[in-house]
Each structure stands twice: as C-alpha cells, then as structure tokens.
Amino acid sequence: PVPLAGHFEERFLSLPRELLVSVLQDHQRYFPLEGPDGRLLPVFLTVANIPSSDPAIVRAGNERVVRPRLSDAAFFWEQDRRQPLASRTAQLDSVTFQAQLGSIGDKVRRVEPLARAIAARIGGEEALAARAAMLCKNDLVTNLVGEFPELQGSMGGYYADADGETAEIGRAIAGHYQPRGAGDAVPATLAGLAVSIADKLDTVLARVDACRE
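Read on for an overview of the structure. (Residues numbered from 1 in each chain as written. Predicted model: local features only at pLDDT ≥ 70, side-chain atom pairs only at ≥ 80, totals over all residues. Heavy atoms only, no water.)

1. Re the nonpolar core
Line of reasoning, step 1. If you look at the biggest cluster of nonpolar residues, it comprises 42 residues, and the most contacted ones within it are Leu15, Leu19 and Leu144.
Line of reasoning, step 2. With six residues, the single largest contributor to this core is helix 2 (residues 55–80). (Core = buried A, V, L, I, M, F, W, Y, C linked by side-chain atoms within 4.5 Å. Buried < 20%, exposed > 50% of the residue type's maximum accessible area, 1.4 Å probe, protein only. Helix = DSSP H or I, 4+ residues; strand = E, 2+ residues; numbered from the N terminus.)

Structure below.
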C-alpha cells in the first residue's frame, strides 16, 4: 500500500466540518487532515494498492473524483440556507415516521410537550427545549441531509445557527440524537438532554402502544 496526498480547493473549507469529513472519509474513503490548530486542511490522504510508475496521475485521478462531490455538497448547503429551517416544519407531515404512528410531524408534536416537561424537571429552560424540539427534525427534508443522511441533526444545528437561533438551540438540535450508542457522548446542553430523552421516550412508548393495538 502506498499513501498519496491529494488537494482540493480551499473554498470548500467554508463548509461545515462534519460535511467535509463525511464527503472525504465516509463517501470517498480518504483520510481528512488537520493542521496544528485542529482545523481541517485542503488536503487528504488516499492509499493506492500498489506502487505506481506515475503517482501524479493517481493523485490527479483522486482529486478529480472528489471535486464534484465537494461541489455538490457546497451547492446543497447554499440552496438549503435560502429557506429558514423553521419554514420546513409543514413538510414533516409528508414524511412517514412509522405506518401506525403517523408522520415525523406527528412525532415532533408529541416530542415538544415532553421536552418542555423534562426540561422543567432537570433545571433547563422550557422555552428553549420546546423550540429545539419543534425544529429538531426539520433538517430531514433538506437537500443536504437527503444526500448525506448520516448528517441528520448536526446539519440542523448549523442551519439553526445560520438562521440566528440561540446557540443553545443549535447545539440541542445537533446533539439530540446522542447518545447514538453505548460509547457515545450525551448532549452537551440541558435543552439537548431534554429533547434527546423526549425523542427516545416517544419512540419507545409510541411503539409499545402500537404493539398493544
């Protein structure tokens, strides 16, 4: 195996970090690189199976492949930001959560009062938790999450920030799927904890009710 460094245009560094990493690492199987300050560089590593007589051709080929993927990501990011995250709420009614449990919109309407009540119990602000709950699934109907479903939640946080929502609401939206597994971190804010617990409780309890029926 032979490691090779490739480059991409610096303008793509303006995209959210998770989006860049997803394109490079998850979709292209490249290694993103960071500088000493922890910020991503316009450089990636790829690994060739065998030595090449002309590594520059291999490098150029990989750069040529990743460029349109990054361009697509940038296009979706720019298009999605033209519409406020909050304006997408009505679209959730057309997305099925589970046949017996209705749409994602139905789920959000169940989660919102739960999140409000949980926030009150854990010392969080009810209004922040309720707002985050109402917006937490809206990124599911964006172009970007449609193309990169693994970014659900995190992109919603970025869109909320871009729309001028408070920082805690953005962080709550970004973290409400956490923990995704046994080793994952929990949400970093009380609003995020409230929405995360409410979302998971709704999924469990709603499915139990459906089974009873």
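Now that the structure is up, let's keep going.
2. Observations concerning the sheet that holds strand 1 (residues 2–7)
Line of reasoning, step 1. The three strands lie next to each other as 1-3-2, forming an open sheet whose pairing is antiparallel. Edge positions in the open sheet fall to strand 1 and strand 2 (31–34), since each of these has one partner strand only. Mean inter-strand twist for the sheet, computed between neighbouring axes without regard to direction, equals 35°.
Line of reasoning, step 2. Of the pairings in the sheet, the one linking strand 1 to strand 3 (residues 40–48) comprises six bridges and is antiparallel in character. Bridge pairing in strand 3 places Val2 opposite Ala48.
Line of reasoning, step 3. Packing against the sheet, helix 2 makes contact with strand 1 and strand 3, and its axis sits at approximately 50° to strand 1. (Pairing = 2+ DSSP bridges. Axes fitted to C-alpha atoms, helices over the stretch in contact; angles between N-to-C directions. Contact = heavy atoms within 4.5 Å.)

3. Brief notes about the environment of His27
Line of reasoning, step 1. Among the secondary structure elements, His27 is positioned in helix 1 (residues 17–27).
Line of reasoning, step 2. You can call His27 partly exposed: its relative accessible area is 32%.
Line of reasoning, step 3. Along the sequence, His27 and Leu135 sit 108 residues apart, while their C-alpha atoms lie 27 Å from each other.
Line of reasoning, step 4. With sequence-adjacent residues up to four places away left out, His27 is seen in contact with Ser22, Arg69, Glu147, Phe148 and Glu150.
Line of reasoning, step 5. A distance of 2.9 Å separates the side chain of His27 from the side chain of Glu150, its partner in a polar contact. (Polar contact = N/O pair within 3.5 Å; in protein donor to acceptor, adjacent residues only side chain to side chain.)

4. Examining the environment of Ala127
Line of reasoning, step 1. With respect to the secondary-structure elements, Ala127 resides in helix 4 (residues 126–135).
Line of reasoning, step 2. A relative accessible area of 54% places Ala127 in the exposed class.
Line of reasoning, step 3. As for Ala127 and Ser22, which are separated by 105 residues in sequence, their C-alpha atoms are 33 Å apart.

5. Overview of the pattern of salt bridges
Side-chain pairing between opposite charges can occur once the charged atoms of the two side chains come close.
Line of reasoning, step 1. As enumerated under the stated definition, the model contains 13 salt bridges in all.
Line of reasoning, step 2. In this structure, the salt-bridge partner of Glu112 is Arg116, at a minimum N-O distance of 3.2 Å. Within this pair, Glu112 and its partner Arg116 are both found in helix 3 (residues 104–122), separated by four residues, close to a single helical turn.
Line of reasoning, step 3. Between Arg131 and Glu165 there is a salt bridge, and its shortest N-O distance comes to 2.7 Å. Highlighted residues: Arg131 in helix 4 and Glu165 in the loop between helix 6 (154–162) and helix 7 (167–175), separated in sequence by 34 residues.
Line of reasoning, step 4. Residue classification places Arg131 among the partly exposed positions, given a relative accessible area of 35%.
Line of reasoning, step 5. In the salt-bridge network here, residues are joined through shared partners; they are Lys107, Arg110, Lys137, Asp199 and Asp202. (Salt bridge = Lys/Arg side-chain N within 4 Å of Asp/Glu carboxyl O.)

6. Examining unusual backbone geometry
Line of reasoning, step 1. In this chain, Gln178 is followed by Pro179 through a cis amide linkage whose omega measures -10°.
Line of reasoning, step 2. Residue placement: Pro179 occurs in the loop between helix 7 and helix 8 (190–212).

7. Topic: the packing of aromatic side chains
Line of reasoning, step 1. Taken as a whole and assessed by the stated rule, the structure comprises four aromatic pairs.
Line of reasoning, step 2. Considering the side-chain rings of Trp77 and Tyr158, the 6.4 Å spacing of their centres and the 90° angle between planes classify their relative orientation as edge-to-face. With Trp77 in helix 2 and Tyr158 in helix 6, this residue pair connects regions lying 81 residues apart in the sequence. (Phe/Tyr/Trp six-rings, centres within 6.5 Å; stacked < 30°, edge-to-face > 60°.)

8. Thoughts on the packing of helix 3 against helix 4
Line of reasoning, step 1. Two elements in contact, helix 3 and helix 4, have axes whose closest approach is 8 Å; the angle formed by their N-to-C orientations is 155°. Considering their axes alone, helix 3 and helix 4 lie roughly antiparallel with respect to each other. When you trace helix 3 past helix 4, the crossing you get is right-handed. Here Val108, Val111, Glu112, Ala115, Arg116, Ala119 and Ala120 of helix 3 lie close against helix 4, whose contacting residues are Glu126, Ala127, Ala129, Ala130, Ala133 and Met134.
Line of reasoning, step 2. Looking at side-chain class alone, the contact of helix 3 with helix 4 contains 10 nonpolar, no polar and three charged residues. (Parallel < 35°, antiparallel > 145°, perpendicular 65-115°, else oblique. Left-handed = near helix turned anticlockwise from the far one by under 90°. Nonpolar A, V, L, I, M, F, W, Y, C, P; charged D, E, K, R; others polar.)

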